[in-house]
Amino acid sequence: MPQKIAPAAGRAAAKAAVQRCIDPQCGGSYGLQERIYTCPRCGGTLEIDCALDSLRASDPAALRDLWAARAASHDAIDKSGVWKYREMLPFAEPIPFVTLFEGNTPLYTAPRSAKYAGLDTLRLKHQGCNPTGSFKDTGMSAAITQAVVLGAKTAVCASTGNTSAALAAYAARAGLQAAVLLPRGQISAGKLAQSLDYAALVFEIDGNFDDCMRLIQELGEDPSIYVVNSINPFRIEGQKTVAFEMMEQCLWQVPAHVVVPGGNMGNSTALGKGFQELLDLGLINRLPKLSVIQAEGAAPVARLFATLDRQQAAGGENLPATMAPVANPRTLATAIKIGAPVSWKKALRAVLRSGGEVIAVSEQEIADAKAMIGRDGIGCEPGSATTVAGIKRLVAAGKIRSGENVVAVLTGHMLKDAEYVANYHRGTLAIDVDGKSQPIHGAFKNTPERVAASKAAILEAMERRRS
Ligand code: F0G
């Protein structure tokens, strides 16, 4: 059941927060109790204005000490890596927060991945170490809490597998009904298993993720239903806390670059918002360059980005009105197999404000980067490995310098898609392109070896493979 806490001081900001249309021509603003996902006035994208002015007027720097002190607390609200930053979140006390102790994920050094990408050093922020194994848990903690605030009966999402796992788990914690729409046959067995075990209604749809997302937008019109895809601005609020946590772990030294995978573009939106709010409060003195990496076969935002007039778009003020979707997205990184990302505008604005890039990488690059991350002793799912592949490209293109301070965000746990990993190492990974199977060459493959059941044979094999 959701847990209640006693009111705490200094949360005037939450009371003044509103949902606001991101289109500056419209600027429509709406109360937090309104169950809306797009601007009722112009149909535009919404975000939450957390009204942080009241925090700015006090002593923002004191927040750092407050958050640091909470690391020693045993209260659930302080132990959660989302709710420990509650001053920055649009929830009034007492918050009926729903938690599985999300966040508090490691920031690893990764020397082999760094060398592979052409960097002196690289750090990996592993959001796959969340309770359901992906970065979705932070956002879902906030969205399901808002579902409780609104008294919603059923929470729904379309998903490539991770959002659904997170929704199923958090809805189960809160005692809410969950329903997930999944593209049939296109999500990994591990992710499907999670939604089933956490007792969600699992609807397998004949179509791709974008078809599921279209259906979700229609379902959202029904008053009994609460949509928790990342068009829901409360999801973004939970997810933005990774920026705060990362800065604490970086001892408030802003990295030059933060690099994330891009699918539906909620994560990049959230990181951009988190860093922007820290900048507005004076807790950091500049934004890290936020870059987003997509898979080549599912890269509508990278395509759009390549055609932008960078001068005109600088600062994110003159955003294009539309983005051409990819009709049949294709990638083995099924988490990011998305052709019409709903949060593209907010994400693009964040990238442009920070001076980052949006690029795409090939299936081969993703697969090899994933194996290299593995050699650092850190597993991740294929979608996450776009980051290291993308950094390698950006270094080669001179957009990232080898001595710069870079953090990549890994979004999912390796066991989310064990079949992909086993196929890569066995040399059987392949992608279907227009009916033809195209093999992915495992440059770093580690094929299991059949060995006779004898000590001598095992020692011989070890000796042979010692370098
Ligand atoms: N990495 C993983 C492991 C994901 O599951 C996703 C998205 C992304 C990256 C991309 O993040 O959408 O915020 O740009 N997965 C969604 C899902 C779409 O339904 O689980 P994004």
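As a reminder, the structure under discussion sits directly above these lines.
Our subject in this report is the structure included herewith. (Residues numbered from 1 in each chain as written. Predicted model: local features only at pLDDT ≥ 70, side-chain atom pairs only at ≥ 80, totals over all residues. Heavy atoms only, no water.)

## Details of the overall build of the chain
Part 1: Secondary structure assignment for the chain yields 19 helices and 15 strands.
Part 2: Relative to its length of 467 residues, the chain is compact, with a C-alpha radius of gyration of 22 Å against a globular reference of 23 Å.
Part 3: In terms of overall dimensions, the chain has C-alpha extents of about 70 × 50 × 45 Å along its principal axes.
Part 4: By residue count, 59% of the 467 residues in the chain fall in the buried class.
Part 5: In the chain, 72% of the contacts between residues at least 6 apart in sequence involve partners at least 24 apart.
Part 6: Here the chain has roughly 19,100 Å² of accessible surface; of this, 51% comes from carbon and sulfur atoms.
Part 7: Computing the positive centroid from 50 side-chain charges and the negative centroid from 44, the chain places the two 3 Å apart. (Helix = DSSP H or I, 4+ residues; strand = E, 2+ residues; numbered from the N terminus. Rg over C-alpha atoms; globule rule 2.2 N^0.38 Å. Buried < 20%, exposed > 50% of the residue type's maximum accessible area, 1.4 Å probe, protein only. Contact = heavy atoms within 4.5 Å. Areas by Shrake-Rupley, 256 points an atom, 1.4 Å probe, with all protein chains shown as cover. Lys, Arg positive; Asp, Glu negative; His and termini not counted. Charge placed at Lys NZ, Arg CZ, Asp CG, Glu CD.)

## Things to note about the side chain of Thr334
Part 1: If you trace the backbone, Thr334 turns up in the loop between α14 (310-313) and α15 (344-354).
Part 2: For Thr334, a relative accessible area of 17% corresponds to the buried category.
Part 3: In this view, Thr334 contacts Thr160, Gln186 and Asp417; residues no more than four positions away in its chain are not counted.

## Quick word on the packing of helix α12 (residues 266-280) against α15
Part 1: The interhelical angle for the contact between α12 and α15, taken along N-to-C directions, is 45°, at an axis separation of 8 Å. Between α12 and α15, the angle is such that the two are oblique. Crossing handedness for the pair α12 and α15: left-handed. Residues Ser268, Thr269, Gly272 and Gln276 of α12 touch α15, and the partners they reach there are Lys346, Ala347, Ala350 and Arg353. (Axes fitted to C-alpha atoms, helices over the stretch in contact; angles between N-to-C directions. Parallel < 35°, antiparallel > 145°, perpendicular 65-115°, else oblique. Left-handed = near helix turned anticlockwise from the far one by under 90°.)

## Side note on the pattern of salt bridges
Part 1: Counted according to the given criterion, the structure contains 25 salt bridges.
Part 2: With a closest N to O distance of 2.2 Å, Arg214 and Asp211 form a salt bridge. Residue Arg214 and its partner Asp211 are both found in helix α9 (residues 209-219); the two are separated by three residues, about one turn of the helix.
Part 3: In this structure, Glu237 engages Lys240 in a salt bridge whose closest nitrogen and oxygen atoms are separated by 2.5 Å. No difference in accessibility class separates Glu237 from Lys240, as the two residues are buried. (Salt bridge = Lys/Arg side-chain N within 4 Å of Asp/Glu carboxyl O.)

## What to know about helix α8 (residues 189-197)
Part 1: Considered for burial, the residues of α8 that qualify are Lys191, Gln194 and Ser195. In an axial view of α8, the angular spread of the buried residues amounts to 95°, which keeps them on one side of the axis. In α8, those exposed residues whose orientation departs by more than 90 degrees from the buried face are Ala189, Leu196 and Asp197.
Part 2: Each element contacted by the buried residues of α8 is listed here: α7 (162-174), β7 (177-183) and β8 (201-205).
Part 3: A positive phi of about 70° marks Ala199, the residue just after α8. (Arc of directions from axis to C-beta.)

## Some points on the sheet that holds strand β12 (residues 358-361)
Part 1: Across the sheet, which stays open at both edges, the six strands sit in the order β4-β5-β13-β10-β11-β12 with mixed pairing between neighbours. Each end of this open sheet is capped by a strand with a single partner; those strands are β4 (107-109) and β12. Averaged over all pairs of adjacent strands, the angle between their axes in this sheet comes to 25°, without regard to strand direction.
Part 2: Pairing geometry for strand β11 (residues 289-295) and β12, over four bridges, is parallel. Its bridge partner being in β12, Ala295 is matched across the sheet by Val361.
Part 3: Contacting β11 and β12, α15 crosses the sheet at an angle of about 135° to β11.
Part 4: Strand contacts of helix α16 (residues 363-375): β5 (123-126), β11, β12 and β13 (406-410), with the helix running at about 90° to β12, the strand carrying the most contacts. (Pairing = 2+ DSSP bridges.)

## Some points on the pairing of β7
A regular strand places its side chains so that they alternate between the two faces of the sheet.
Part 1: Taken across its seven residues, β7 has six buried, putting it largely inside the fold.
Part 2: Bridge count for strand β6 (residues 154-158) against β7 is five bridges, and the pairing is parallel. Directly across from Val156, in β7, lies its bridge partner Ala179.
Part 3: Sheet analysis places β7 next to β8, joined by five bridges and oriented parallel. Directly across from Leu182, in β8, lies its bridge partner Glu204.
Part 4: One crossover worth recording links β7 to the parallel β8 by way of α8, and it is right-handed. (Right-handed = clockwise from strand over helix to strand, strands pointing away.)

## Quick word on the state of the cysteines
Part 1: With the rule as written, the count across this model stands at zero disulfides.
Part 2: Considering cysteine sulfurs only, Cys21 is the nearest to Cys42, which forms no disulfide, with 3.5 Å between them.
Part 3: Assessed through its relative accessible area of 39%, Cys42 is described here as partly exposed. (Disulfide = S-S within 2.5 Å.)

## A short note on the sheet that holds strand β1 (residues 18-21)
Part 1: The antiparallel open sheet is built from three strands, whose spatial order is β2-β1-β3. Two strands bound the open sheet, and with one partner strand each, they are β2 (29-30) and β3 (46-49).
Part 2: Pairing between β1 and β2: two bridges, direction antiparallel. Note on β2: the bridge partner recorded for Arg20 is Ser29.

## Remarks on the packing of helix α11 (residues 241-249) against α12
Part 1: Relative to each other, α11 and α12 sit at 60°, their axes nearing to 7 Å. Looking at the two axes, α11 sits oblique to α12. For the crossing formed where α11 meets α12, the hand is right-handed. Along its contact with α11, which presents Val242, Ala243, Phe244, Met246 and Met247, the element α12 presents Leu271, Gly274, Phe275, Glu277 and Leu278.
Part 2: Grouping the amino acids of the contact of α11 with α12 by side-chain chemistry returns eight nonpolar, one polar and one charged. (Nonpolar A, V, L, I, M, F, W, Y, C, P; charged D, E, K, R; others polar.)

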